[in-house]
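Descriptive structure summary
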Amino acid sequence: MKKYTHLFFDLDNTLWDFTSNSKHAMEFTFNKLRLEQKGIIFSDFFEVYQENNHKLWAAFRNKEIKKKELTKQRFQLTFDTLNIEGIDALTMNDLYLTEMPKQKCLMEGAIKLLDYLKVKGYKLYIITNGFIEVQHKKMQNSGLTPYFEKVFISEELKCPKPGRAIFEHAIKSANAKKANSLMIGDDWSGDVLGAVNFGIDVVYFNPIKLSDNQEKHGIGTSSVKIQDISSLFNLFDLL
Ligand SMILES: [Mg+2]
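Residues numbered from 1 in each chain as written. Predicted model: local features only at pLDDT ≥ 70, side-chain atom pairs only at ≥ 80, totals over all residues.

Across its full length, the chain holds 11 helices and six strands. By the compact-globule yardstick of 18 Å for 239 residues, the chain fits well, its C-alpha radius of gyration being 19 Å. Based on the C-alpha atoms only, the size of the chain along its principal axes is roughly 65 × 35 × 35 Å. With 239 residues in all, the chain has 33% of them scored as buried. (Helix = DSSP H or I, 4+ residues; strand = E, 2+ residues; numbered from the N terminus. Rg over C-alpha atoms; globule rule 2.2 N^0.38 Å. Buried ≥ 20, exposed ≤ 12 C-beta atoms within 10 Å, placed from the backbone.)

This paragraph deals with the sheet that holds strand S3 (residues 150–153). Within the open sheet, the six strands sit side by side as S3-S2-S1-S4-S5-S6. Their pairing is parallel. In the strand order of this sheet, the two ends are held by S3 and strand S6 (226–229), each with one partner. The mean inter-strand angle of the sheet, taken between neighbouring strand axes irrespective of direction, is 20°. Looking at chain direction, strand S5 (residues 201–205) and S6 are connected through four bridges and run parallel. For Val202, the partnering residue across the bridge sits in S6 and is Ile226. Each of strand S4 (181–185), S5 and S6 touches helix H9 (residues 188–198); the most contacted strand, S5, lies at about 165° to it. (Pairing = 2+ DSSP bridges. Axes fitted to C-alpha atoms, helices over the stretch in contact; angles between N-to-C directions. Contact = placed C-beta atoms within 7 Å.)

Looking now at the nonpolar core. Counting 38 residues, the largest nonpolar core has Phe8, Leu15, Ile127, Ala170, Leu182, Ala195 and Val202 as its most contacted members. Looking at this core, the element that brings in the most residues is H9, giving five residues. The residues touching Ala195, leaving out its near neighbours within four places in the chain, are Phe167, Met183, Ile200 and Val202. (Core = buried A, V, L, I, M, F, W, Y, C linked by C-beta atoms within 7 Å.)

Let us look at the environment of Leu239. Positionally, Leu239 belongs in the segment after helix H11 (235–238). The spatial distance from the C-alpha of Leu239 to the C-alpha of Lys3 is 9.1 Å, given a sequence separation of 236 residues. Once residues lying within four places of it in the same chain are set aside, the contact partners of Leu239 are Tyr4, Leu117, Lys120 and Tyr122.

What follows deals with the domain arrangement of the chain. The domain architecture assigned to the chain consists of domain 1 (6–17 + 106–238) and domain 2 (19–102). Averaged C-alpha coordinates put domain 1 and domain 2 at centres separated by 26 Å. Of the residues assigned to the side of domain 1 that touches domain 2, the class counts are three nonpolar, two polar and three charged. (Domains from an automatic or database assignment. Nonpolar A, V, L, I, M, F, W, Y, C, P; charged D, E, K, R; others polar.)

This next bit is on H9. Working note: α-helix, 3.6 residues per turn, so residues spaced by three or four point in the same direction. With respect to burial, H9 is a largely interior element, eight of its 11 residues being buried. For H9, every residue scored as buried is listed here: Gly190, Asp191, Val192, Leu193, Gly194, Ala195, Val196 and Phe198. Lining the buried residues of H9 we find helix H8 (164–173), S4, S5 and S6. Gly199 sits one or two residues past H9 and shows a positive phi near 105°.

In structure tokens:
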């Protein structure tokens, strides 16, 4: 008997190639605002931005800052570090957020996998941390939307992964049972620990193969099953 009936996917860097897409969108925005004319090199800008964005998202998830502060400061702090003047941080953020969801790169094998899972009769859902207006557009423009019954977005539910509430809401809303549900995601703390603490099996999609003690912490004793994959193609064998 097949164990799983309901599959809950993370979106960014699990199905939608956030790393490539955000870089393309940022490069477009950088060029549009002619930042190279201020003597700035794109790779430097992107590196500083990513560092700031990462830190601010952590603060945002911990409810230490609000969305407006996150979106403004990730650019403002980057401008400050690189001595960029005369550009408004929120203007750059808006341009970037308009451009990003237009990007269409998916993780290798994503569409083949979703076609396969649909044929097999699985019910598919998304559980994602992100902004409502951006996540839906990403899915529509990249062709992901038709595969999914429902999309659960942290901003809408006011609870990001790894918090229990978003998983709880998703399972209930999908009419799923925990025992027949599987989470699939690339983020160790958000997706894996979130699913484990909530009590559903999880697949850790780890394409860059982080070493065991580098990232995998916080499991303790758990009754749920955790499986590692390095490619979405590995899911054909598991499901
Ligand atoms: Mg992710």
